[in-house]
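A closer look at the structure
One-letter residues, chain by chain:
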Amino acid sequence: MKKFVFILSIFSINFCFAQFEDKDIEINKYVHGTLCLSTEETDIAAVIIPGSGPADRDGNSPAFNNHCLEMLAHGLAKNNIASFRYDRRLLRLKELQITTANLSFDDFIEDAITAVNYLKNSLNYKKIVVIGHSQGSLVGMIAAKDRASGFISIAGPANKISEKIAAQLSKKSPELANTTRAKFKELRETDTIKQIEPFLTGIFRPSFLQFLKSWDQYDPKEEIQKLDIPILIVTGTKDMQISPKDAEELKAMVSNAKLLLLENMTHILKYDTETRKNEEGELVLHPDLVPALTKFIQEL
């Protein structure tokens, strides 16, 4: 008989039935996250890696809550797939007593590997799937190598961060894009940038230079070719940050990877023209996302 977990909302006196349970887990001092369990036993679990900027384990930022990764975890759990999602070190600088100058992209990779190993070795899941969103796609494809049973890229860029930034700036000015490429070249060759133009200080902050350099050493097109596991590449047609072209370029690197372009899905995994909301008043996920991921994972 199927079991259900009661969850009481602090905003309502009503009980509701749920097919999942969230548990806060501290794997080590760096990796704190939420283990989302299905109420049915399963030997399949996913590591969900958030994107860049201030996005937390749930996909939220100080300026905008959307709970997209939390919704994704809950959607997978309802299909009997457990998951672990976590906050990156970038969001816990004060707590960890470090600064952005101390951060390396390799730290993000290390934390993702820690999460994978925890699910595999401590919780004994037989099948581990790595799901990387946006920046987390690159982190995930590196962490998944020789560790995971499958890899899913959601809104993952196809180019190195230096080229991605330059391409975005080229829409404003070709000269601005060329200057940006030159600055990245200087950073690679000299380990610093002597003079930063005022209009580029938002990108080349002195305290952020070493992180940028460590990030730029990884090329998604090269890293995805190192994977010898099933791959699913997903991007929305209404994503304003990562275009379908990125997904197609990643797919071109691995002939047997599966490509899914979801019509009208945005970068935060919502349906661009959808008006339906959940109990908390937030837009629901694109209706085809969880079914597609579930099918891919269950067929591994």
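Residues numbered from 1 in each chain as written. Predicted model: local features only at pLDDT ≥ 70, side-chain atom pairs only at ≥ 80, totals over all residues. Heavy atoms only, no water.

On to the packing of helix α3 (residues 105-122) against helix α4 (residues 135-144). Helix packing geometry: the angle between the two helix axes and the distance between the axes. Following both chains from N to C, one finds α3 and α4 inclined at 60°, their axes separated by 9 Å at the closest point. The angle between α3 and α4 places the two elements in the oblique class. In this structure, α3 meets α4 at a crossing whose hand is right-handed. Contacts from F105, F108, I109, A112 and I113 of α3 reach α4 at Q135, L138, V139, I142 and A143. Grouping the constituent residues of the contact of α3 with α4 by class yields nine nonpolar, one polar and no charged. (Axes fitted to C-alpha atoms, helices over the stretch in contact; angles between N-to-C directions. Helix = DSSP H or I, 4+ residues; strand = E, 2+ residues; numbered from the N terminus. Parallel < 35°, antiparallel > 145°, perpendicular 65-115°, else oblique. Left-handed = near helix turned anticlockwise from the far one by under 90°. Contact = heavy atoms within 4.5 Å. Nonpolar A, V, L, I, M, F, W, Y, C, P; charged D, E, K, R; others polar.)

For the rest of this paragraph, the subject is the layout of surface pockets. By volume, the second largest pocket is sized at about 850 Å³. Looking at the lining of the second largest pocket, the elements with two or more residues in it are α1 (68-77), α4, α5 (161-170) and α7 (209-216). Residue contributions to the lining of the second largest pocket peak at four residues, all from α5. Here the residues of the lining of the second largest pocket are counted per class, giving 19 nonpolar, 15 polar and four charged. (1 Å grid on protein atoms, 1.4 Å probe; cavity = no way out; pocket = protein on both sides within 12 Å on 5 of 7 lines; lining within 4 Å. Points joined across faces, edges and corners; volume = space filled by probe spheres on them.)

What follows covers the pattern of salt bridges. Applying the stated criterion across every chain, the model contains 22 salt bridges. The partner of K221 in a salt bridge is E249, with the nearest N and O atoms 3.3 Å apart. Taken together, the residues K221 in helix α8 (residues 220-223) and E249 in helix α9 (residues 244-253) connect sequence positions 28 residues apart. A salt bridge links K245 to E249; the nearest nitrogen and oxygen atoms lie 3.9 Å apart. With K245 and E249 both in helix α9 and four residues apart, this pair spans about one turn of that helix. Here the residues in one salt-bridge network are D22, D58, E70 and R85, joined through shared partners. (Salt bridge = Lys/Arg side-chain N within 4 Å of Asp/Glu carboxyl O.)

Reading across from one edge, β3-β4-β6-β5-β7-β8-β9-β10 is the order of the eight strands in this open sheet, with mixed pairing throughout. Each edge of the sheet is formed by a strand with only one pairing partner; in this case those strands are β3 (20-26) and β10 (258-262). Averaged over all pairs of adjacent strands, the angle between strand axes in this sheet comes to 20°, irrespective of strand direction. Each of β5 (44-49), β7 (127-133) and β8 (150-154) is contacted by α4, which is oriented at about 150° to β7, the strand it contacts most. (Pairing = 2+ DSSP bridges.)

It is worth spelling out the pairing of strand β4 (residues 32-38) at this point. Along any regular strand, the residues point their side chains to alternate faces of the sheet. Extensive coverage of β4 is indicated by the burial of seven of its seven residues. Strand direction decides the pairing type here: β3 and β4, joined by seven bridges, are antiparallel. Across the sheet, residue I25 finds its bridge partner in β4, namely G33. Between the end of β3 and the start of β4, which pair antiparallel, lie five residues. Here β4 runs beside strand β6 (residues 82-86); their pairing, made up of four bridges, is antiparallel. Counterpart to G33 in the pairing with β6 is Y86. (Buried < 20%, exposed > 50% of the residue type's maximum accessible area, 1.4 Å probe, protein only.)

A few words now on the packing of aromatic side chains. Inspection of the entire model under this criterion finds ten aromatic pairs. Their ring planes at 20° and their centres at 6.0 Å tell us that F84 and Y86 sit as a pair that is stacked. Here F84 and Y86 have matching classes, each one buried. Centre to centre, the rings of F105 and W215 are 5.7 Å apart; their planes meet at 5°, and the pair counts as stacked. Taken together, the residues span a long stretch of sequence, with F105 in helix α3 and W215 in helix α7 at a distance of 110 residues. Pair check on accessibility: F105 and W215 agree, each one buried. Taken together, the ring pairs in this structure connect F105, F108, F208, F211, W215 and Y218 into an aromatic cluster. Here the guanidinium or amino end of R89 rests over the ring plane of Y30, the centre of that ring lying 3.7 Å away. Seen from the ring of F208, R205 lies directly overhead, with NZ or CZ sitting 4.7 Å from the centre. (Phe/Tyr/Trp six-rings, centres within 6.5 Å; stacked < 30°, edge-to-face > 60°. Lys NZ or Arg CZ within 6 Å of the ring centre and 35° of its normal.)

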